[in-house]
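# Coordinates in review
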Amino acid sequence: MDLFSSIDIEPARKRMIELTQAIERYNYEYYMNDKSLISDYEFDKLLRELIDLERQYPELAMPNSPTKRVGGEINKTFRQVTHRFPMLSLGNTYSIEEIEDFEARTRKLLGDQPFTYTCELKYDGVAIGLTYRHGQLVQAVTRGNGSVGDDITSNARTIATVPLKLYGDYPDDFEARGEVVFPFTDFEAFNRQREMDGEEPFANPRNAASGSLKLQDSSECAKRKLMFCMYFMMLPADEKSGERSIENPALTSQLSTHYGRLQLAMKMGFHVQPYIKVCRNIDEIRAFIDYWDNERWNLPFAIDGIVIKVNEVALWNSLGLTAKSPRWAIAYKFKAQQVSTLLESVSFQVGRTGIITPVANMSPVWLGGTTVRRATLVNADFIEKMGICEGDYLLVEKGGEIIPKVVGVDVKKRRPEAKPVKYITNCPECGAALVRADGEAGHYCPNSDGCPPQIVGRLEHFVSRKAMNIDNLGSERLEMLYRKGLVGDVADLYSLTREQLVGLESYDVDGQRRTSIQDKGADNILSAIEKSKAVPFERVLYALGIRYVGEVGAKKLARYFRNIDAVMSASVEELASVEDVGEKTAKFIYEYFHDERHVLLVERLRKAGLVFVSDEIKISNVLQGKTFVVSGVFENFSRDEIKADIEKHGGKVSGSVSSKTDYLLAGEKMGPEKLKKAEKLGVRIISENDYLALLE
Ligand code: IVH
């Protein structure tokens, strides 16, 4: 029986096609022609409408709909896929002589056949292969071991530079290969946010890109601004020796060279870096390498070398393969740049969660395009393992990444009397004895309520955009409020008065005024604080700054527990059963809420009027306009859960049967009165299974 036969699907289908075409046209103009035809707001409105329609009519949603950029699909595990064409690696070398040998060997093997080379950047990211059929993306797979990789299609679809549909002329069946990179600025912002959330930052953009592609929730991948740089087009004909049957004759000449293929790919909508050059001889290759060895620091993403390929595709088969790499290409890898510089002092920083980070303060030195003065010494184990002594010369390196790394000690320059760097035993800010938890490499300051950088750090986190979003309170103002004794914890923000704020000033050690608050500033601060009282529960939970509870974890917790009391009384096991909350995080949450001080803090915030109950989190609109009455006992849900579930799908729940009731959802041992009334009014009576079928 079609329960929703009254809803006509045709107008929806028509509107979805209209929306898809409009969005795709705006995307085309924006990405291909650099033209914004509508405002972001209008664009988002169209996208939102399409998302809503797809939720309502999932059977009409297209696999490459522009909404896929937003993500939302969940992968519990990633399907293993055998590559249709193995993803070979490249022979690589750090020596320019070996590049000269490669060039001479290639010339010899090809005899008098005319040919050229291409030189291009070697991206330092994660290799993936994208299969396109009839201009549509059908699959994205990681390189894996070269023969078998993971199917990461739903995550790849969220990357703006992965075309979902192609433009212009394209071969009907091919694989686009390239590297997923995490541009430096986006990576740094992302890592900073992780640190704010008390999460371990990623060591480099490559690791972060790789971790992102393996995220279970594709909407999380969508938030990390990854970039796909295409570097290779593989056609089925390439595998078959001598056979060059390309189905579209118009493309034959362009497809006959690697350079032509990448130019064509650009017109199809791929992101291909323009830094590719056709070279005729070793001098031109050398010049390209030399240029990029210096210039690489000015790129917005990491590269770790240069790839040199024979440009003419027809010659690839005659050059053949070695065990795992083609003979027609080679990679030159840049050496990491290294300098030796004096360690002037070691300082110790205290993070928001109390974690101590030792930092090397060094004589300024020019390295890879920037002046380096400071570098992390990670933790006590790192200092010990490196054997770092006071007054040592440190070896600092910059590889493909932007962050300089201490890789060792220049022992030749060590003074005989040098003493090992002493790790502190007390917090440099508050003097509390440091603690090192079992199995953890880092020390931390346990005095969370009395250690200034921890208090100010927590305030900063609380007011940040993704948390309570209280504008006009930057770190300087927060520090001032703390130092003047007006704010000792986040709950104090809610009792600030205009009189307390107006006229506040703070000064640097050298007498320069850092910040001040005047009449208008005070009003703005107070209204932002007032506005924050409407921030939804999931963000309030995140704002509390519980260690390892990031934005995603807080969202999942809020969705599962629905109110703060349920979170506070949950066991470690129950907390750990929530998606994206691990055992370690669960323990921190449990400990946090079993600390009397935090129970009091929550009470004060509750009194101040913050939201500690989840508002309805809509999953779909399938039950839109339908009213249910729920009665009896159910197999898969408690009564409250099934009611909440109805609301999450857009339906309404009422306490008693009336003529407005659409369904009586009947469990075991349901109330006889309700049944009688429903029968009398002709209200449809459905079982738990019927209900589940409705949702599908
Ligand atoms: S061509 C058969 N070009 O380097 C040719 N590879 O071992 C296949 N890489 O992980 C590769 N930039 O993902 C090619 N411009 C580029 C590249 C590139 C980075 C990566 C590739 C693979 C490794 C080669």
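Right above here is the structure, for reference.
Below is a short write-up of the structure. (Residues numbered from 1 in each chain as written. Predicted model: local features only at pLDDT ≥ 70, side-chain atom pairs only at ≥ 80, totals over all residues. Heavy atoms only, no water.)

## Focus: helix α3 (residues 96-110)
- Taking 1.5 Å of rise per residue, 15 residues should cover 21 Å, and α3 covers 21 Å from first to last C-alpha, within 8% of that figure.
- For α3, the complete set of buried residues consists of Ile99, Phe102, Glu103, Thr106 and Leu110. On an axial view of α3, the arc spanned by its buried residues comes to 95°, and they lie on one face.
- As for α3, its buried residues are in contact with β2 (92-93), β3 (117-123), α11 (282-295), β10 (303-310), α12 (316-319) and β11 (329-333).
- Capping of α3 at its N-terminal end is provided by Ser95; its side-chain oxygen lies 3.3 Å from the backbone amide nitrogen of Glu97. (Helix = DSSP H or I, 4+ residues; strand = E, 2+ residues; numbered from the N terminus. Expected span 1.5 Å × (residues − 1). Buried < 20%, exposed > 50% of the residue type's maximum accessible area, 1.4 Å probe, protein only. Arc of directions from axis to C-beta. Contact = heavy atoms within 4.5 Å. Polar contact = N/O pair within 3.5 Å; in protein donor to acceptor, adjacent residues only side chain to side chain.)

## Things to note about the sheet that holds strand β12 (residues 337-350)
- An order of β14-β13-β12-β15-β16 is seen for the 5 strands of this open sheet, with the pairing classed as antiparallel. Edge positions in the sheet fall to β14 (370-376) and β16 (405-409), since each of these pairs with one other strand and no more. Sheet twist, expressed as the average angle between the axes of neighbouring strands with direction ignored, equals 40°.
- For strand β15 (residues 393-398) and β16, the ladder comprises 4 bridges, and the chain directions are antiparallel. (Pairing = 2+ DSSP bridges. Axes fitted to C-alpha atoms, helices over the stretch in contact; angles between N-to-C directions.)

## Observations concerning the environment of Lys674
- For Lys674, the location among the structural elements is in helix α25 (residues 672-681).
- Sequence-wise, Lys674 and Phe228 are 446 residues apart; in three dimensions their C-alpha atoms are separated by 59 Å.
- Once you skip the residues sitting within four places of it in the chain, Lys674 turns out to touch Val629, Val630, Ser631, Gly655, Val657 and Leu664.

## Points about the nonpolar core
- Counting 56 residues, the largest nonpolar core has Phe462, Leu493, Phe593 and Leu605 as its most contacted members.
- Apart from the residues lying within four places of it in its own chain, the contact partners of Phe593 are Leu541, Leu544, Ile546, Ile564, Val567, Met568, Val599 and Val602. (Core = buried A, V, L, I, M, F, W, Y, C linked by side-chain atoms within 4.5 Å.)

## Thoughts on the side chain of Thr585
- Mapped onto the fold, Thr585 is located in helix α22 (residues 583-593).
- When its relative accessible area of 13% is taken as the criterion, Thr585 is described as buried.

## As for the layout of surface pockets
- Put simply, the second largest pocket is a space of about 2000 Å³.
- Taken together, 49 residues make up the lining of the second largest pocket; nearest its centre are Glu195, Pro201, Gln349, Thr357 and Thr376.
- Every element with two or more residues in the lining of the second largest pocket is listed here: α5 (184-196), β12, β13 (356-367), β14, β16, α14 (452-463) and α15 (475-483).
- The dominant element in the lining of the second largest pocket, judged by the number of residues it contributes, is α5, at 6 residues.
- Looking at the lining of the second largest pocket, its residues break down into 22 nonpolar, 11 polar and 16 charged. (1 Å grid on protein atoms, 1.4 Å probe; cavity = no way out; pocket = protein on both sides within 12 Å on 5 of 7 lines; lining within 4 Å. Points joined across faces, edges and corners; volume = space filled by probe spheres on them. Nonpolar A, V, L, I, M, F, W, Y, C, P; charged D, E, K, R; others polar.)

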